[in-house]
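Read off the chains here:
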Amino acid sequence: MQANGAGGGGGGGGGGQGQTPELACLSAQNGESSPSAASAGDLAHANGLLPAAPSAAGNNSNSLSVNNGVPGGAAAASATAAAALATPELGSSLKKKKRLSQSDEDVIRLIGQHLNGLGLNQTVDLLMQESGCRLEHPSATKFRNHVMEGDWDKAENDLNELKPLVHSPHAIVVRGALEISQTLLGIIVRMKFLLLQQKYLEYLEDGKVLEALQVLRCELTPLKYNTERIHVLSGYLMCSHAEDLRAKAEWEGKGTASRSKLLDKLQTYLPPSVMLPPRRLQTLLRQAVELQRDRCLYHNTKLDNNLDSVSLLIDHVCSRRQFPCYTQQILTEHCNEVWFCKFSNDGTKLATGSKDTTVIIWQVDPDTHLLKLLKTLEGHAYGVSYIAWSPDDNYLVACGPDDCSELWLWNVQTGELRTKMSQSHEDSLTSVAWNPDGKRFVTGGQRGQFYQCDLDGNLLDSWEGVRVQCLWCLSDGKTSTRRSSYYVIYYFKKWPISFVKCSNSDHKVYIWHKRSELPIAELTGHTRTVNCVSWNPQIPSMMASASDDGTVRIWGPAPFIDHQNIEEECSSMDS
């Protein structure tokens, strides 16, 4: 005897007492086995991703075929009616069922797509059946299946069925913030080109050079589209083996991975009513998380796009007590005004420059986040007013004030001076920036000189008439300059906190959020002018400030934070 109808007897009546064949089919779709697949009605689902299963040959019983939850045919109607009669609750629910709104249908489709990605296909079937929604258009389903199976001829034929769908008024391709309405011919040609490109690469990987050449000459070239890409594809004919082809084409190879990427590209040409954009629910959730973080006053950590790192069950919350507003340590080893401070790129060291003509390198303890003196670099005759770490943190360049014509290139590991550079005694070299390759740097100042040098101080290039206060090399190697102003302003690209201003009048450090007109924090403690502020690029809860009072203050979160009982929460700001 089978409990809860979970088992099936071998005969036509086994386990089916008081139960019609149609109800047995419905039970089977809810995780229960029907008494007999041959004698009971089959329930074949096609949720838009899986083709409907064919009924067994010679089956004389009723067959209920469900396409995304919409019954079709007299057999389906009779089966539904029989089920409603046998189960009053089911009949009542069918009568009370109201038409879903467009937003409800969209949510159901998004959930269905996500569940399908998790492999819960039967759950998707039942969801579409009960809601009466369709996950995607049947023509799109066929197209998807043929692409994933690598049946390129059938996939091309499917494009003809998709033509009227692509040409619908809703067929608008969204790229970033732009909406580009494309012609039917252009869309179909682009989609066909992507299909044939995959077909060509798979032939090459399989060693079918003649077939690949046939695709290139007789199918891709006649499209008269993207001839530059066709020239690149033709060069792959010279690849000696499959690994070489995959490396040069930056292609995953024949299989599910590359075809899934191809399908993602093809989906951008189809309206969402036909086929949902790939991983649409994850995209919306990620955007929501990013928006909450962006509006959070005290969020200053790196934006992690991985949804697994956050909880979707609660709103994003940061406390002011977790923000670096509290003095953690005061460094007093300099014996005169401290003009500059800068954390290394890896966040493990801090360099401070002073009027006392020294640069001090501090080591950051990874556990306690306290700093201790590591090295003192001496010999800067004019004091040190600017410091720049090399991209690999092996070197740093130190500059002096306006009347200084020299700069010093130090080896941080050994503490030895590698280069002391000076082009002219009339120069004023007050700022420096490293090229991203770490082999060159640019320097300039208030008297209009501008030089590019190598690690040995050799002059590579020079300009005149450019008076600068600050330099920054962009990732493409170009240099950005900034002129002086009354207030010292620093812009932080890695954190949502937009800039920090050091006031010349009240000895405070002010912090603004980019969405706030008023400062969100005023840091007090220095007794004279604050000259510089540096945020640790790897430890967002650590900040340093240098002042004319001869000290460097290390700022961090409030001590003894009770993470279970956060007193202050950030508020949601209006757009």
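Residues numbered from 1 in each chain as written. Predicted model: local features only at pLDDT ≥ 70, side-chain atom pairs only at ≥ 80, totals over all residues. Heavy atoms only, no water.

## Describing the nonpolar core
Then, number 1: If you look at the biggest cluster of nonpolar residues, it comprises 45 residues, and the most contacted ones within it are Leu350, Val359, Leu371, Leu396, Trp434 and Ile554.
Then, number 2: If we ignore the near neighbours within four places in the chain, the residues touching tryptophan 434 are Ala388, Trp389, Ser390, Pro391, Tyr395, Val397, Leu409, Arg440, Phe441, Leu455 and Cys473.
Then, number 3: Counting 20 residues, the second largest nonpolar core, distinct from the first, contains Leu162, Leu165, Met191 and Leu263. (Core = buried A, V, L, I, M, F, W, Y, C linked by side-chain atoms within 4.5 Å. Buried < 20%, exposed > 50% of the residue type's maximum accessible area, 1.4 Å probe, protein only. Contact = heavy atoms within 4.5 Å.)

## Structural notes on the sheet that holds strand E11 (residues 386-389)
Within a sheet, adjacent strands bond to each other through the backbone by hydrogen bonds, running parallel or antiparallel.
Then, number 1: On the basis of which strands lie adjacent, the open sheet formed by four strands has the order E11-E12-E13-E14 and antiparallel pairing. A strand with exactly one partner marks an edge of an open sheet, and here the two such strands are E11 and strand E14 (416-421). Here the average twist between neighbouring strands, direction ignored, is 20°. (Pairing = 2+ DSSP bridges. Helix = DSSP H or I, 4+ residues; strand = E, 2+ residues; numbered from the N terminus. Axes fitted to C-alpha atoms, helices over the stretch in contact; angles between N-to-C directions.)

## Comments concerning the UniProt feature "repeat: WD" (unreviewed entry) in the protein
Then, number 1: The sites that carry the UniProt feature "repeat: WD" (unreviewed entry) are, in the present numbering, residues 331-372, 377-408 and 523-555.
Then, number 2: Across residues 377-408 one finds 0% helix and 41% strand; the C-alpha atoms that close the span lie 10 Å apart.
Then, number 3: As a span, residues 523-555 carries 0% helix and 48% strand, and end to end its C-alpha atoms are 9 Å apart. (UniProt positions renumbered as here; feature names shortened; annotations may be inferred.)

## Side note on the sheet that holds strand E10 (residues 371-378)
Then, number 1: Taken in spatial order, the four strands line up as E7-E8-E9-E10 in an open sheet, and their pairing is antiparallel. Each having just a single partner strand, strand E7 (338-343) and E10 make up the two edges of the open sheet. Neighbour-to-neighbour, the strand axes of this sheet turn through a mean angle of 20°, independent of strand direction.
Then, number 2: By the bridge criterion, seven bridges tie strand E9 (residues 358-364) to E10 in an arrangement that is antiparallel. From the neighbouring strand, isoleucine 360 faces E10, where its bridge partner is threonine 376.

## Regarding the pattern of salt bridges
Then, number 1: Evaluated as defined, the whole model comprises 18 salt bridges.
Then, number 2: Between lysine 199 and aspartate 153 there is a salt bridge; the shortest N-O distance is 3.5 Å. Here lysine 199 is found in helix H8 (residues 184-205), whereas its partner aspartate 153 is found in helix H7 (residues 152-166), with 46 residues between them in sequence.
Then, number 3: A salt bridge links arginine 528 to glutamate 337; the shortest N-O distance between them is 3.5 Å. Here arginine 528 is found in the loop between strand E24 (521-523) and strand E25 (530-535), whereas its partner glutamate 337 is found in the loop between strand E6 (326-331) and E7, with 191 residues between them in sequence.
Then, number 4: Of the residues examined, glutamate 337 reaches a relative accessible area of 15% and is grouped as buried.
Then, number 5: Shared partners join several salt bridges into a network, and the residues in it are Asp153, Lys199 and Glu219. (Salt bridge = Lys/Arg side-chain N within 4 Å of Asp/Glu carboxyl O.)

## Thoughts on the environment of leucine 162
Then, number 1: Tracing the sequence through the fold places leucine 162 in helix H7.
Then, number 2: Distance from leucine 162 to phenylalanine 143, taken between C-alpha atoms, is 8.7 Å for residues 19 residues apart in sequence.
Then, number 3: Excluding residues that lie within four positions of it along the chain, leucine 162 makes contacts with Ser139, Ala140, Phe143, Leu270 and Val274.

## Re the pairing of E11
Then, number 1: By the alternation rule, side chains of E11 split into Tyr386 and Ala388 and Ile387 and Trp389, which are all buried.
Then, number 2: As defined by bridge partners, E11 adjoins strand E12 (residues 395-399) across four bridges and the pair is classed as antiparallel. Directly across from tryptophan 389, in E12, lies its bridge partner leucine 396.
Then, number 3: Turn length for the E11-E12 hairpin, with the two strands adjacent in sequence and antiparallel, is five residues, and the turn residue aspartate 393 shows positive phi of about 65°.

## So, unusual backbone geometry
Then, number 1: Positive phi is not limited to glycine here, since lysine 224 has a value of about 55°.
Then, number 2: Looking at where lysine 224 falls in the secondary structure, it is placed in the loop between helix H9 (209-220) and helix H10 (227-235).
Then, number 3: Its relative accessible area of 75% is what places lysine 224 among the exposed residues.
Then, number 4: Even without being a glycine, histidine 507 presents a positive backbone phi close to 65°.

## Considerations on the side chain of histidine 334
Then, number 1: With respect to the helices, strands and loops of the structure, histidine 334 is situated in the loop between E6 and E7.
Then, number 2: A distance of 3.1 Å separates the side chain of histidine 334 from the side chain of aspartate 356, its partner in a polar contact.
Then, number 3: For histidine 334, the residues in contact, after removing those within four places along its chain, are Thr352, Ser354, Asp356, Thr358, Ile360 and Gly550. (Polar contact = N/O pair within 3.5 Å; in protein donor to acceptor, adjacent residues only side chain to side chain.)

## Here's the deal with the packing of aromatic side chains
Then, number 1: Counted according to the given criterion, the structure contains five aromatic pairs.
Then, number 2: The interplanar angle of 70° and the centroid separation of 5.9 Å between the aromatic rings of phenylalanine 323 and tryptophan 535 together place this pair among those described as edge-to-face. Here tryptophan 535 lies in strand E25 and phenylalanine 323 lies in the loop between helix H13 (280-295) and E6, a separation of 212 residues in the sequence. (Phe/Tyr/Trp six-rings, centres within 6.5 Å; stacked < 30°, edge-to-face > 60°.)

## Quick word on the pairing of strand E8 (residues 349-354)
Every regular strand shows the same layout, with side chains that alternate between the two sheet faces.
Then, number 1: Burial runs high along E8: six of the six residues are buried.
Then, number 2: Of the two faces of E8, the one carrying Lys349, Ala351 and Gly353 and the one carrying Leu350, Thr352 and Ser354 are both buried.
Then, number 3: Direction of pairing for E7 relative to E8: antiparallel, over a ladder of five bridges. Bridge pairing in E8 links lysine 342 to alanine 351.
Then, number 4: Two successive antiparallel strands, E7 and E8, enclose a turn made up of five residues, where glycine 347 displays a positive phi of approximately 75°.
Then, number 5: Bridge count for E8 against E9 is five bridges, and the pairing is antiparallel.

## Considerations on the confidence of the model for the protein
Then, number 1: Per-residue confidence for the protein gives a mean pLDDT of 75, with 70% of residues at or over 70.
Then, number 2: For the protein, the element scoring lowest by mean pLDDT is helix H1 (residues 21-29), at 37; E8 scores highest, at 96.
Then, number 3: Across residues 1-46, confidence stays below pLDDT 50; counting only partners more than four residues off in sequence or on other chains, it has 76 contacts.
Then, number 4: Under a pLDDT of 50 for its full length, residues 479-499 has, in the predicted model, 76 contacts with residues more than four places off or in other chains. (pLDDT = per-residue confidence, 0-100.)

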